[in-house]
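# Observations on chain architecture
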Amino acid sequence: MSESIIAAKAKVVDAVVEQFKAAKSAVVVNYRGLTVDEVTQVRKELRDNGVKMEVIKNTYLRRAADATGYKGLDDLFKGPTAIAFSNDDAVAPARIMTKYAKQFDDLVVKGGIIEGKVASLEQITELSKLPDRDGMLSMLLSVLQAPVRNVAYAVKAVADSKDEEPAA
């Protein structure tokens, strides 16, 4: 094998290593049997949520995982493999891929990485049940607003009770 080919392959592995390092999460799937329209539908939703899906040779994925210190991923890198990376939202790849795995029998979630740790299929499924970033922020905001709202109700109740007292 020529040195230029080896250098090109090393460059691909280095790029995948950088993707692994930058990703908040990555989900590995088997996509064999999906139609072009189904893959397009999945890719569009991933792209709309800031997730990048790539089909990368298993050999490159194994080498990149070893280089980043991820152990236990070799079993995932067998057969037709696609991987969805998200640098911003750790939940998005799991949520989207799990949703489409239920919709399309041929899409199989194998496992992945969450916040720098190897994740099993069960962990990916649990993560997929969490709301997206906007949903979590909305929940946090309502939790923060509740005490203020309760104080406002109490103040209003006191003011209302003073208005109802007869003037002496």
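What comes next concerns the included structure. Note that this is a predicted model, so its numbers are computed, not measured.

### Re the environment of Val151
In this fold, Val151 is placed in helix H6 (residues 133–164). Exposure remark for Val151: the relative accessible area of 53% places this residue in the exposed category.

### A short note on the packing of aromatic side chains
Counted according to the given criterion, the structure contains three aromatic pairs. Relative to Phe85, the ring of Phe20 lies with its centre 5.6 Å away and its plane at 75 degrees, an arrangement referred to as edge-to-face. One end of the pair, Phe20, is in helix H1 (residues 3–22); the other, Phe85, is in strand S3 (residues 82–86), and 65 residues separate them in sequence. Just as Phe20 is buried, Phe85 falls in that class too.

### Points about the pattern of salt bridges
Side-chain pairs of opposite charge can arise whenever the charged atoms involved come near each other. One pass over the full model with this rule turns up five salt bridges. For the salt bridge of Lys44 with Asp48, the shortest nitrogen-to-oxygen distance reads 2.8 Å. On the criterion of helical spacing, the pair formed by Lys44 and Asp48 is a turn pair, its members being four residues apart in helix H2 (residues 36–48). For Lys44, a relative accessible area of 45% gives the class partly exposed. Owing to a relative accessible area of 53%, Asp48 belongs among the exposed residues under this scheme. A salt bridge links Asp75 to Lys78; its shortest N-O distance comes to 3.6 Å.

The rules behind each value
- Residues numbered from 1 in each chain as written.
- Predicted model: local features only at pLDDT ≥ 70, side-chain atom pairs only at ≥ 80, totals over all residues.
- Heavy atoms only, no water.
- Helix = DSSP H or I, 4+ residues; strand = E, 2+ residues; numbered from the N terminus.
- Buried < 20%, exposed > 50% of the residue type's maximum accessible area, 1.4 Å probe, protein only.
- Phe/Tyr/Trp six-rings, centres within 6.5 Å; stacked < 30°, edge-to-face > 60°.
- Salt bridge = Lys/Arg side-chain N within 4 Å of Asp/Glu carboxyl O.

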